[in-house]
Amino acid sequence: MKYLPKILIGTPTYSGKNYCVSQFISNVLDFTYPKNRCEFVIFDNSPTPENARFLTKEYGVKVIWKDFEGLKVNEKLAKTHQMVKEYAVDNGFDYILHLESDVFPQVDVIEELLRTGKSIVGVPYLIGNGGQRHFVTRIFDYHNKDYCSIVNMAHYQQFFFDGEVKRCSTNGLGCTLIKTSSIKNINFRHEENRDEAPDTFFSNDLMHSRISYWVHTGMLAFHYNTEDWGDYVQLVNNKND
């Protein structure tokens, strides 16, 4: 048992994601990876420490709070992602399961992703609303030397998601297992006057560092979030009835 990789389950969040926090924490606590080889930590960037106190008191989870007052959303996100990485490095974790607080993978997600043997591998999930809902996964467009979204190739999805572990350009950061040593020289960041989320900069930095990004197409995590955050609150409530 002591030779199993040490895993940090790191979750960036803020008070606006509390519409599914109870279900999310319950799902994480049901993970089947040995509890003595992993730690679950929430990294809260709400404007005040009240939400962090609430989460600790209500659910008994470890929460690290930091206020990034005055920063734009993407810059705040990048700094919170970086907090996850630094905590993993400082505390000797072999891997980070970077898990957003509205993404629900299967309970053996850590074991399944470890079995792939990849340094960075994610679980697909969907984003968007209604008919615009699509996989977050993006693949390389070798013809245009650019990235191409699966949603723009609807006729290709059924062939790409065939259960295999495949290389991609990005799978977002919603549910990604990252070998800590593989990103020792890569930081989560954001560039001023650019609208891209930290996921995009991270994926680009991986590519320029010649680090492959993989996705397990035989898995699918449920994403309670949409472009209108909180849109699935009624679905969550119905699931609990």
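Residues numbered from 1 in each chain as written. Predicted model: local features only at pLDDT ≥ 70, side-chain atom pairs only at ≥ 80, totals over all residues. Heavy atoms only, no water.

Moving on, we come to the nonpolar core. Counting 36 residues, the largest nonpolar core has Ile9, Leu97 and Val109 as the members making the most contacts within it. Elements represented by at least two residues in this core include exactly strand E1 (7-13), helix H1 (21-29), strand E2 (38-44), helix H2 (50-59), strand E4 (95-99), strand E5 (103-104), helix H4 (109-115) and strand E12 (175-179). The element that contributes the greatest number of residues to this core is H1, accounting for four residues. Beyond its immediate stretch of four places on either side in the chain, isoleucine 9 contacts Val28, Phe31, Cys38, Glu39, Phe40, Val41, Leu97, Leu99 and Ile110. In this structure, Val41, Phe160, Ile183 and Val215 belong to the second largest nonpolar core, which totals 26 residues. (Core = buried A, V, L, I, M, F, W, Y, C linked by side-chain atoms within 4.5 Å. Buried < 20%, exposed > 50% of the residue type's maximum accessible area, 1.4 Å probe, protein only. Helix = DSSP H or I, 4+ residues; strand = E, 2+ residues; numbered from the N terminus. Contact = heavy atoms within 4.5 Å.)

Before going further, it helps to examine the pairing of E4. Burial within E4 is extensive, with five of its five residues counted as buried. Residues Tyr95, Leu97 and Leu99 of E4 are buried on one face, and the alternating residues Ile96 and His98, pointing to the opposite face, are buried as well. As defined by bridge partners, E1 adjoins E4 across four bridges and the pair is classed as parallel. Its bridge partner lying in E4, isoleucine 9 is registered against leucine 97. (Pairing = 2+ DSSP bridges.)

Mean pLDDT for the chain: 87, with 86% of residues reaching 70 or above. Low confidence marks residues 226-234, where pLDDT is under 50. Its contacts with residues over four positions away, or in another chain, come to 20 contacts. (pLDDT = per-residue confidence, 0-100.)

This part is about the packing of aromatic side chains. If you walk through the whole model with that rule in mind, you get ten aromatic pairs. Taking the centre distance of 6.2 Å and the plane angle of 25° together, the rings of tyrosine 87 and phenylalanine 93 count as stacked. Phenylalanine 93 carries the same exposure label as tyrosine 87, and that label is buried. A network of ring pairs unites the aromatic residues Phe24, Phe40, Phe104, Phe222 and Tyr224 as a single cluster. Between the NZ or CZ atom of lysine 6 and the centre of the ring of phenylalanine 93, over which it lies, the distance is 4.7 Å. The side chain of lysine 118 reaches across the aromatic face of tryptophan 214, ending 3.8 Å from its centre. (Phe/Tyr/Trp six-rings, centres within 6.5 Å; stacked < 30°, edge-to-face > 60°. Lys NZ or Arg CZ within 6 Å of the ring centre and 35° of its normal.)

Applying the stated criterion to the full structure yields eight salt bridges. The partner of glutamate 50 in a salt bridge is arginine 53, with the nearest N and O atoms 2.4 Å apart. One end of the pair, glutamate 50, and the other, arginine 53, are both in helix H2, three residues apart, so they sit about a helical turn from each other. Between aspartate 205 and arginine 189 there is a salt bridge, with its nearest N and O atoms 2.7 Å apart. On the criterion of sequence distance, the pair formed by aspartate 205 in helix H6 (residues 198-208) and arginine 189 in the loop between E12 and H6 is long-range, its members being 16 residues apart. (Salt bridge = Lys/Arg side-chain N within 4 Å of Asp/Glu carboxyl O.)

Glancing now at the sheet that holds strand E3 (residues 62-65). Here we have eight strands laid out as an open sheet, ordered E3-E2-E1-E4-E12-E6-E13-E11, and mixed in their pairing. Among the strands making up the open sheet, the edge pair consists of E3 and strand E11 (165-168). Sheet twist, expressed as the mean angle between neighbouring strand axes with direction ignored, is 25°. As judged from the four bridges shared by E2 and E3, these two strands associate in the parallel manner. The residue of E3 that forms the bridge with phenylalanine 43 is isoleucine 64. Helix-sheet contacts for helix H3 (residues 73-90) involve E1, E2, E3 and E4, and the interaxial angle to E1 is about 160°. (Axes fitted to C-alpha atoms, helices over the stretch in contact; angles between N-to-C directions.)

The next subject is the environment of valine 103. By the secondary structure assignment, valine 103 is in strand E5. With 22 residues separating them in the primary sequence, valine 103 and tyrosine 125 have C-alpha atoms 7.9 Å apart.

Take H2 next. Those residues of H2 lying buried are Asn51, Ala52 and Leu55. What you see down the axis of H2 is that its buried residues fit within an arc of 105°, all on one side. Where H2 is buried, its residues contact H1, E2 and E3. (Arc of directions from axis to C-beta.)

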